[in-house]
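Each chain, letter by letter, is given below.
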Amino acid sequence: MKQSKIAVLVLIFFSACVFFSAQDALASPARDQLKLTIDQVLEILQDQSLKGEEHTKARRASLRRVIHERFSFAKMSQLSLARHWRKRSKEEKKIFIGLFGKLLEQTYISKMEAYTSEKVVYVKEFVKKKKAQVYTKIITDSVDIPIDYRMYKTKDGSWMVYDIVIEGVSLVGNYRSQFDQILQKDTYEKLLGELKKKIES
Amino acid sequence: MEKKYYFSILIIALSVFVLHSAIFAQDSQTIAPVLSDNAISTYPTPVIKSGRIFLAKNTKSVPEDDELAKEILDDYNATTESQPVADPFYYFNYAMYTFNDILYSAAINPIASSYKAVFPAPARKGVKNFFFNLLFPVRLVNNILQGEIKDAGTEIEIFLINSTIGILGFSRVAQNEFDLHTANEDFGQTLGRYSIGNGIYLVLPILGPSTLRDTVGLVGDYFLTPVNYVDPWELSTGIKAYDTINTASFHIGEYEALKKAAIDPYEALKDAYIQNRKEKVKK
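What you are looking at is a predicted structure, and each value in this text was computed from that prediction instead of being measured. (Residues numbered from 1 in each chain as written. Chains lettered and ligands numbered in written order. Predicted model: local features only at pLDDT ≥ 70, side-chain atom pairs only at ≥ 80, totals over all residues. Heavy atoms only, no water.)

Draft legend 1. Looking closely at the overall build of chain A. Counting its regular elements, chain A contains seven helices and five strands. Reading chain A from its N end, one meets helices and strands in the order α-α-α-α-α-β-β-β-β-β-α-α. Relative to its 201 residues, chain A shows a buried fraction of 54%. Long-range contacts, defined as pairs at least 24 residues apart, comprise 51% of the intrachain contacts of chain A with a sequence gap of at least 6. (Helix = DSSP H or I, 4+ residues; strand = E, 2+ residues; numbered from the N terminus. Buried < 20%, exposed > 50% of the residue type's maximum accessible area, 1.4 Å probe, protein only. Contact = heavy atoms within 4.5 Å.)

Draft legend 2. Region of the structure containing the sheet that holds strand β3 (residues 144-153) of chain A. All names here are of chain A. Strand order in this open sheet of five strands is β1-β2-β3-β4-β5, and the pairing throughout is antiparallel. Two strands in the sheet have a free side with no partner beyond their single neighbour: β1 (119-128) and β5 (169-170). Here nine bridges tie strand β2 (residues 131-139) to β3, and the two strands are oriented antiparallel to one another. Within the sheet, the bridge partner assigned to T136 lies in β3 and is I147. Sheet contacts for helix α4 (residues 73-81): β3 and β4 (159-166); angle to β4, the most-contacted strand, approximately 50°. (Pairing = 2+ DSSP bridges. Axes fitted to C-alpha atoms, helices over the stretch in contact; angles between N-to-C directions.)

Draft legend 3. Structural detail: a nonpolar patch on the surface. Residues and elements named next belong to chain B. A cluster of nonpolar residues, F99, I206, L207 and L218, forms a patch on the protein surface that exposes about 420 Å² of accessible area. Looking at where L207 falls in the secondary structure, it is placed in the loop between β1 (201-204) and β2 (208-211). Among the residues examined, L207 registers a relative accessible area of 60% and is labelled exposed. (Patch = residues over 30% accessible without salt bridge, like charges linked within 9 Å, V, L, I, M, F, W, Y side chains within 5 Å. Areas by Shrake-Rupley, 256 points an atom, 1.4 Å probe, with all protein chains shown as cover. Salt bridge = Lys/Arg side-chain N within 4 Å of Asp/Glu carboxyl O.)

Draft legend 4. Structural detail: the nonpolar core. In terms of nonpolar packing, the biggest core is built from 61 residues, with F71, F96, Y149, I164, Y175 and L191 of chain A touching the most fellow members. Ranked by residue count, the leading element in this core is helix α5 (residues 90-113) of chain A, at eight residues. Judged by nonpolar contacts, the second largest core, of 16 residues, contains Y115, Y201, L269 and Y273 of chain B. (Core = buried A, V, L, I, M, F, W, Y, C linked by side-chain atoms within 4.5 Å.)

That's the geometry; what it means functionally is another story.
In structure tokens form, the structure reads like this:
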């Protein structure tokens, strides 16, 4: 009698193990692809030959290359300008994506550079048809910083990031209200000027 | 006895099968539509469930890319612009914002920076944990007011463990060893939970961005904050100032980063505050 009880317990334990390992195996392609990019980012940040002030240029160039594969700055620009996007010509949109993309890139890179030695955990994710949200956390010894990535699926099946939510604050949402505020009072040219100034500073 | 044995093997084989069907679902690159249409919000990842839903709804057609863009835009429209927070006291708020900005750059930031340079992280963390533990009444009462009885219970456990084994709250034993966690509740969030809107945007001197609702919340929480009962008031204020500096020492550079990334820092800070609070009310 006693033996069978132990056997049952062992089996329950094994099934629990199966359950939890299956949970891990359930990672979506969105998360897998994002993880690939973040791993590359962390690798560059921890690369000894790229560390320090004197290598900033080389480091940023590598980071930029990696980030551009996964982050759609075009989509971020479109979403941030929101209703003002349609009023712009194709040329204007291109210029805007270039400028705003650079600002977003700088913002994200400096955020990641601040936490070079920390680890990133993947908390959970939701996928709904062509949209996904992957919840990550940067674990530091004093605080955990939640960073969520909103992604969409492109025609070729890869997932691209269209918004980054840092500590509950969506980047696109934040720029959206800024742009709207500026464009209500000022012209589009003024906004472009401000963007340029920001990047150069 | 033998029978029981085989029965459990059967159960496990079945559960493995169910889980595997979920894994196969992932392999074919299609994931269950677990979300409601415009809310990507906080639910734990449904494991087995997703596999089942997948089996049911596998054959749905996919929308065009442009439709996707429109859909995403609609998501944002539903969340941000439909509830803009009014700012009728813009000039007062802007003046307070400028005042706080100067206060931060001229006093809080330099003091916190040198404090950080002198005191090692473990010491500062202990102080932070101590003050966090002291705010237990605020979290407990607001958990109860929000009907989060389970969280209220967890809050009590955390307080008891950290106050004793954690030595007056200096160490977060409950969180680190017992894996007990709750969301930080306050009265502003309680009011938000009862569908009370933000009202208007307010920038408070020293305290920073707030709204009418959250300011009322601050007043409510004031009475639950033990430090406020310290006599004389000079000492109470001193303790609070020290708490502020200690907290700031963990966030050096963050405000600067926000300002650096912003085209319109006032608006960026306002939006960040509103978004952040909205997230917290949901939890």
